[in-house]
Amino acid sequence: MSFKVHIDQKVSGNQKIIKGLYTYFFFGKEAIKPFFQHPLWCVWLFVLFSACQAERLFKNPNPYQNYLNTLNKSGLENYGIGQKWINNGKLTHASNLPTLQLPYNEMTYFDPSKAEAVFLQYGVKEGNNVIIKADVLTDSSTVYFIDVFKREVDKFTQLHYSEEQQKIEYTVTQDAEHVLRVQPELLGGGAVVLSIEISGSLAFPLPDMQSGQIASFWGDARSGGARKHEGVDVFAKRGTPVRAVVNGMVRRTGQNRLGGNVVWVNSGKYNYYYAHLDSQHVKAGNRVSIGDTLGTVGNTGNAITTAPHLHFGIYRRGKGAVDPFPFIQVAEKPKEIVLSDSVFLKDYGVFSVNNGNFRALPDLKSKVLGKHPKLTYFEILAKRGDWFRIQFPDESIGFAHQSIVDVSSPKTQAIELRPTDTLFEYFDRGLLPASNFVGQGKVLGYFKDMVHVQLNSGIKLWMKER
């Protein structure tokens, strides 16, 4: 499979349109008739119009909605390619997505002729910082619309969108499931690496340390199970400086039975609690900046029998204690993407073994959503390390390990279509007259009681299994 084929087709079409417009302006409307016979002339006029209006269009809020409105006003929603773009971007496609673990990245391919969109769902925690990027590998002139939605059952509320750069960065304000939609402009596309990275939104409270060194977490049992831990504990040498994680004001300092020497810092929405300090270096009313020393690590209060450590807690106004870990967790690098894997993109595959595992996540320990027989057919949506993100004909999406997959023209038997066969344009819908498609072909794969067939002419159909 070659990306160059798709790109050359788009460039060739563009050259025809430009040539047609040039001919019109210099030789009159009779000479331009062949231009209007081009099947996509109206689409290209829309694309050219959008390009002329780009500076105005993309400075307004919500570029995706503006683009959709412009498409509707141009009348392109009445044409097949316009309808595809609108329908493929609808959030109903996000109804049955697996929830991915972050960080996550994948390489995918947007076919310019299919007006495709990609949807990815992931879980986030209050205090996380999220960075989403679409790194374009081919056709860098294409504009990609990137939008993030909060999902509550089947209700989607838009939270963020990209404006000019193909990137979104935001801080999470409440635990939720988020859905990412990425869709290129009409007739745009190519190979893209999508990445969703996650980290804490605050500085770490101890120097030269990170969240991997936290020894006791939120919710751990305390006092024989009578209460739960409302913070995290980071063990360090006595006297290690304790730092401000935000710019704010010292609300109070003092001592209490559990925390010993403590410091409270307020930043408006949140109060930050530092406990078991050996010493306090600030007083109530002091203004502090990120990195300022508030005190030193100790084991005062009820930590007198344990090694020196910092108890760090966060309290949100009107809610109380919240888990500090998502605020200070260390950023993890997503897996390296192998660019040579691009040969697999937007191809199809089948399971090469019986009981092929269809998994919720790209992990051998993840939930098995189903087991499928050998030669079960699916489309390949993306590649990530040793895993394919795949979609079955019933639109269910998950992952399959490359060790149990045959990709591109697996060896299956020949078949002859008969007038008595029941044929469909798409899986289980779009009934076709069998008499129009009799002849020799090959089986691409199976799904449930259906067979996917490609005729010698290149036409692909679904038929009821005999």
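One can find the structure itself at the top, above this paragraph.
Here the residue index of a chain counts from 1 through its sequence in written order. Given that this is a predicted model, residues contribute local features only at a pLDDT of at least 70 and side-chain atom pairs are listed and counted only at 80 or more, while totals for whole chains, interfaces and linings are drawn from all residues. With hydrogens and water excluded, all non-hydrogen atoms of the structure serve as input to the side-chain values.

1. As for the packing of aromatic side chains
Between 30 and 60 degrees the pair is tilted, below 30 it is stacked and above 60 it is edge-to-face, where a pair is any two Phe, Tyr or Trp rings, Trp via its six-membered ring, whose centres lie within 6.5 Å. Under the criterion given, the structure shown has 24 aromatic pairs. Between Y64 and W85, the aromatic rings sit 5.0 Å apart at their centres with planes inclined by 20°, giving stacked as the arrangement. In this pair, Y64 sits in helix 5 (residues 63-74) while W85 sits in helix 6 (residues 80-88), placing the two residues 21 residues apart along the sequence. Assigned by exposure class, Y64 and W85 land together as buried. Centroid distance Y273 to Y315: 6.3 Å. Interplanar angle 80°. Geometry classified as edge-to-face. Taken together, the residues Y273 in strand 17 (residues 270-280) and Y315 in strand 20 (residues 309-316) connect sequence positions 42 residues apart. By the criteria applied, helices consist of DSSP H or I runs no shorter than four residues and strands consist of E runs no shorter than two, each listed in order from the N terminus. In this scheme, a residue with accessible area under 20% of its type's maximum is buried, one over 50% is exposed, and one in between is partly exposed, where area comes from a 1.4 Å probe on protein chains only.

2. Some remarks on the nonpolar core
In these notes, a set of buried Ala, Val, Leu, Ile, Met, Phe, Trp, Tyr and Cys residues joined through side-chain atoms within 4.5 Å is what counts as a nonpolar core. By size, the foremost hydrophobic cluster in this structure holds 29 residues, and its most contacted members are L206, Y272, Y274 and F312. Looking at this core, the elements that each hand over two or more residues are strand 13 (232-235), strand 16 (260-266), strand 17, strand 19 (293-297), strand 20 and helix 7 (325-328). Per-element tally for this core: the top contributor is strand 17, with four residues. Contact criterion: two residues are considered in contact whenever any of their non-hydrogen atoms come within 4.5 Å of each other. Other than its neighbours up to four places away in sequence, F312 contacts P205, G231, V232, V245, Y272, Y273, Y274, P324 and I328. In terms of nonpolar packing, the next biggest core, distinct from the first, is built from 27 residues, F110, I132, V172 and V182 among them.

3. Observations regarding the pattern of salt bridges
Note on definitions: salt bridges are taken to be side-chain nitrogens of Lys or Arg within 4 Å of carboxyl oxygens of Asp or Glu. Here the structure, examined in full by the defined rule, presents 13 salt bridges. Taking the shortest distance from any N to any O, the salt bridge between D278 and R238 comes out at 3.3 Å. Here D278 is found in strand 17, whereas its partner R238 is found in the loop between strand 13 and strand 14 (241-243), with 40 residues between them in sequence. By relative accessible area, D278 is classed as partly exposed at 36%. According to the relative accessible area criterion, R238 is partly exposed, its value standing at 45%. Within this structure, E126, R316 and K319 form a network of salt bridges that share partners.

4. A word on the layout of surface pockets
Of the two site types, the cavity is a set of points on a 1 Å grid over the protein atoms alone where a 1.4 Å probe fits but cannot get out, and the pocket is an open set with protein on both sides within 12 Å along at least five of seven lines, each lined by residues with an atom within 4 Å of a point. Grid points are joined across faces, edges and corners, and a volume is the space filled by probe spheres set on the points. Put simply, the largest pocket is a space of about 1,700 Å³. Every residue lining the largest pocket is counted, 40 residues in all, and those nearest its centre are K114, E116, E379, Q391 and E395. For the lining of the largest pocket, the class distribution of residues is 15 nonpolar, twelve polar and 13 charged. Classification convention: Asp, Glu, Lys, Arg as charged; Ala, Val, Leu, Ile, Met, Phe, Trp, Tyr, Cys, Pro as nonpolar; all other residues, Gly among them, as polar.

5. Quick notes on the pairing of strand 19
Both faces of the sheet carry side chains from a regular strand, because those side chains alternate between them. Of all five residues in strand 19, four are buried; the element is thus mostly enclosed. The rule for pairing is simple: two strands pair if DSSP sees at least two bridges between them. Relative to strand 19, strand 14 runs antiparallel, the two being bridged by three bridges. Opposite R243, over in strand 19, you have T293 as the bridge partner. Pairing between strand 17 and strand 19: three bridges, direction antiparallel. Opposite S279, over in strand 19, you have T296 as the bridge partner.

6. Examining the pairing of strand 7 (residues 167-171)
Of the two faces of strand 7, only the one carrying I168 and Y170 is buried; K167, E169 and T171 on the other face are not. The pairing of strand 4 (residues 128-136) with strand 7 spans five bridges and is antiparallel. Within strand 7, the position partnered with K133 by the bridge is K167.

7. Overview of the sheet that holds strand 30 (residues 423-426)
Within a beta sheet, neighbouring strands are joined by backbone hydrogen bonds and run either parallel or antiparallel to one another. Strand order in the open sheet formed by six strands is 29-32-33-34-30-31, and the pairing between neighbours is antiparallel. Strands with a single pairing partner mark the edges of an open sheet, and in this sheet they are strand 29 (414-417) and strand 31 (429-432). Direction aside, the axes of adjacent strands within the sheet are offset by 45° on average. Bridging between strand 33 (residues 450-455) and strand 34 (residues 460-464) involves five bridges; their strand directions are antiparallel. The partner of Q454 across the bridge, within strand 34, is K460. Where helices are involved, their axes are fitted lines through C-alpha atoms of the stretch in contact, as for all axes, and angles between N-to-C directions lie from 0 to 180°.

8. Let's talk about the environment of V353
Along the polypeptide, V353 turns up in the loop between strand 22 (348-351) and strand 23 (356-359). Accessibility expressed as a relative area gives 31% for V353, which makes it partly exposed. Beyond its immediate sequence surroundings of up to four residues, V353 is in contact with H372, P373, K374 and I404.

9. Here's the deal with helix 5
Expected helix span is given by 1.5 Å per residue-to-residue step, counting one fewer step than there are residues. Helix length check: helix 5, at twelve residues, gives a terminal C-alpha distance of 16 Å against a target of 16 Å (1.5 Å per residue), a fit within 8%. Along helix 5, the residues classified as buried are P63, Y64, N66, Y67, L68, T70 and L71. Of the residues flanking the end of helix 5, it is G75, one or two places downstream, whose phi is positive at about 85°.

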